[in-house]
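A look at the structure
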Amino acid sequence: VEPRLTPSSNMDIVSALNRRNNSWQTLWMDAEILDYGPPGFVGPPEITRNQLWLSQSQFMDLIGSPEGIPDVVFLRNQESLYAAQPSIGQVWFSKMQSFSSIDLLDAKLSGLFDAIFFRSQDIKGNLRITGSDVIAGREAWRVDQTGADGNLLTRFWMDARTGCILDSQTFGGQDHQTLLSEVHVRSIYFDVDFPNQSM
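All values derive from a computational prediction rather than experimental measurement.

Reading the values: rules and limits
- Residues numbered from 1 in each chain as written.
- Predicted model: local features only at pLDDT ≥ 70, side-chain atom pairs only at ≥ 80, totals over all residues.
- Heavy atoms only, no water.
- Helix = DSSP H or I, 4+ residues; strand = E, 2+ residues; numbered from the N terminus.
- Buried < 20%, exposed > 50% of the residue type's maximum accessible area, 1.4 Å probe, protein only.
- Contact = heavy atoms within 4.5 Å.
- Areas by Shrake-Rupley, 256 points an atom, 1.4 Å probe, with all protein chains shown as cover.
- Salt bridge = Lys/Arg side-chain N within 4 Å of Asp/Glu carboxyl O.
- Arc of directions from axis to C-beta.
- pLDDT = per-residue confidence, 0-100.
- Polar contact = N/O pair within 3.5 Å; in protein donor to acceptor, adjacent residues only side chain to side chain.
- Pairing = 2+ DSSP bridges.
- Axes fitted to C-alpha atoms, helices over the stretch in contact; angles between N-to-C directions.

Examining the overall build of the chain
Secondary structure assignment for the chain yields two helices and eleven strands. The helix and strand sequence of the chain, counted from the amino end, reads α-β-β-β-β-β-β-α-β-β-β-β-β. Residues counted as buried form 43% of the 199 residues belonging to the chain. Taking all contacts inside the chain whose residues are at least 6 apart in sequence as the whole, residues at least 24 apart take part in 44%. Accessible surface computed for the chain: about 10,900 Å², of which carbon and sulfur atoms make up 50%.

Structure below.
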């Protein structure tokens with residue numbers, strides 16, 4: 001699929017984002033989440049690595065520090081969510097009763113999904129293309145999302161071919177220019193085989 005013309009309006013950008021649902025059957029990505037803490041926090045960011053296989057009906061997500069074995073592995077099929085915690089020796093998958101069964105795990109799981117797979121209908125404010133870059137070897141449009149007051153809320157990089165979000169940044173603080181968190185997709189491949197796993 002060839003890149004479309006650069007979107008020039010909110011509606012065009014939302015339409016490009018909506019292409020995500022139809023442009024792939026499975027994907028694999030390797031991403032890092034950097035959490036800089038609340039405004040005014042001084043110290044290094046918390047860095048979490050996510051390695052995600054995703055299809056329309058299931059996913060597997062390995063989450064942990066940039067080096068070493070994963071802290072947790074999530075496996076979701078059509079009906080249930082399972083988790084294993086290799087870092088503490090729990091290598092067998094256990095069924096989770098809900099996404100909030102383990103708050104810490106829930107936060108780690110939702111961090112990537114909220115940044116990369118947010119629903120376009122949840123977008124508030126104005127969207128504007130502010131440039132283009134190459135992210136994970138793919139041409140991407142840089143999009144700024146501003147609130148009604150004109151302050152920058154988020155900045156994300158959208159794959160020009162598929163509409164998938166490759167990187168994102170969240171801003172806040174009193175000056176609305178403090179970087180709170182960001183997600184960087186290091187590698188992404190579409191329509192790869194989903195790993196075979198048994199319960």
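What to know about the pattern of salt bridges
According to the stated counting rule, one finds five salt bridges in the structure shown. Across the salt bridge formed by aspartate 30 and arginine 49, the nearest N and O atoms sit 2.6 Å from each other. Remark: arginine 49 occurs in strand β2 (residues 46-55) and aspartate 30 occurs in strand β1 (residues 26-35); sequence separation between them is 19 residues. For aspartate 30, a relative accessible area of 10% gives the class buried. The closest approach of N and O atoms between glutamate 32 and arginine 186, which form a salt bridge, is 3.1 Å. With glutamate 32 in strand β1 and arginine 186 in strand β11 (residues 178-190), this residue pair connects regions lying 154 residues apart in the sequence. Assessed through its relative accessible area of 18%, glutamate 32 is described here as buried. Owing to a relative accessible area of 47%, arginine 186 belongs among the partly exposed residues under this scheme.

As for helix α1 (residues 10-18)
Along an α-helix, residues three or four positions apart point the same way, because every turn accommodates 3.6 residues. Those residues of α1 that sit buried are Ile13, Ala16 and Leu17. In an axial view of α1, the angular spread of the buried residues amounts to 100 degrees, which keeps them on one side of the axis. Residues of α1 that are buried make contact with β7 (126-135), β8 (138-146), β9 (152-159) and β10 (165-172).

A short note on the confidence of the model for the chain
Close reading of the predicted structure is inappropriate where its pLDDT is low. Of all residues in the chain, 85% attain a pLDDT of 70 or more, and the chain-wide mean is 82. Element-level mean pLDDT values for the chain span from 66 in helix α2 (residues 103-116) up to 93 in β8.

What to know about unusual backbone geometry
The backbone phi angle of alanine 136 is positive, close to 50 degrees, even though this residue is not glycine. Here alanine 136 shows up in the loop between β7 and β8. Among the residues examined, alanine 136 registers a relative accessible area of 28% and is labelled partly exposed. Phi at aspartate 191 takes a positive value of approximately 55 degrees, unusual for a residue other than glycine. Inspection of the secondary structure assignment puts aspartate 191 in the segment after β11. Judged by relative accessible area, which is 47%, aspartate 191 ranks as partly exposed.

Thoughts on the side chain of aspartate 61
Summarising the element assignment, aspartate 61 is placed in strand β3 (residues 59-64). Here the side chain of aspartate 61 touches asparagine 50 through a polar contact of 3.0 Å, side chain to side chain.

Considerations on the sheet that holds β3
Strand order in the open sheet formed by eleven strands is β6-β5-β4-β3-β2-β1-β11-β10-β9-β8-β7, and the pairing between neighbours is antiparallel. For this open sheet the edge positions go to β6 (90-96) and β7, each flanked by a neighbour on one side alone. Sheet twist, expressed as the mean angle between neighbouring strand axes with direction ignored, is 15 degrees. Here strand β4 (residues 72-76) pairs with strand β5 (residues 81-85) via four bridges, running antiparallel. Bridge assignment links phenylalanine 74 to a residue of β5, and that residue is alanine 83. Lying over the sheet, α1 contacts β7, β8, β9 and β10, oriented at roughly 50 degrees with respect to β7.

Here's the deal with the pairing of β6
Judged from the four bridges that link them, β5 and β6 form a sheet pairing that is antiparallel. Residue pairing in the sheet places glutamine 85 in a bridge with glutamine 90 of β6.

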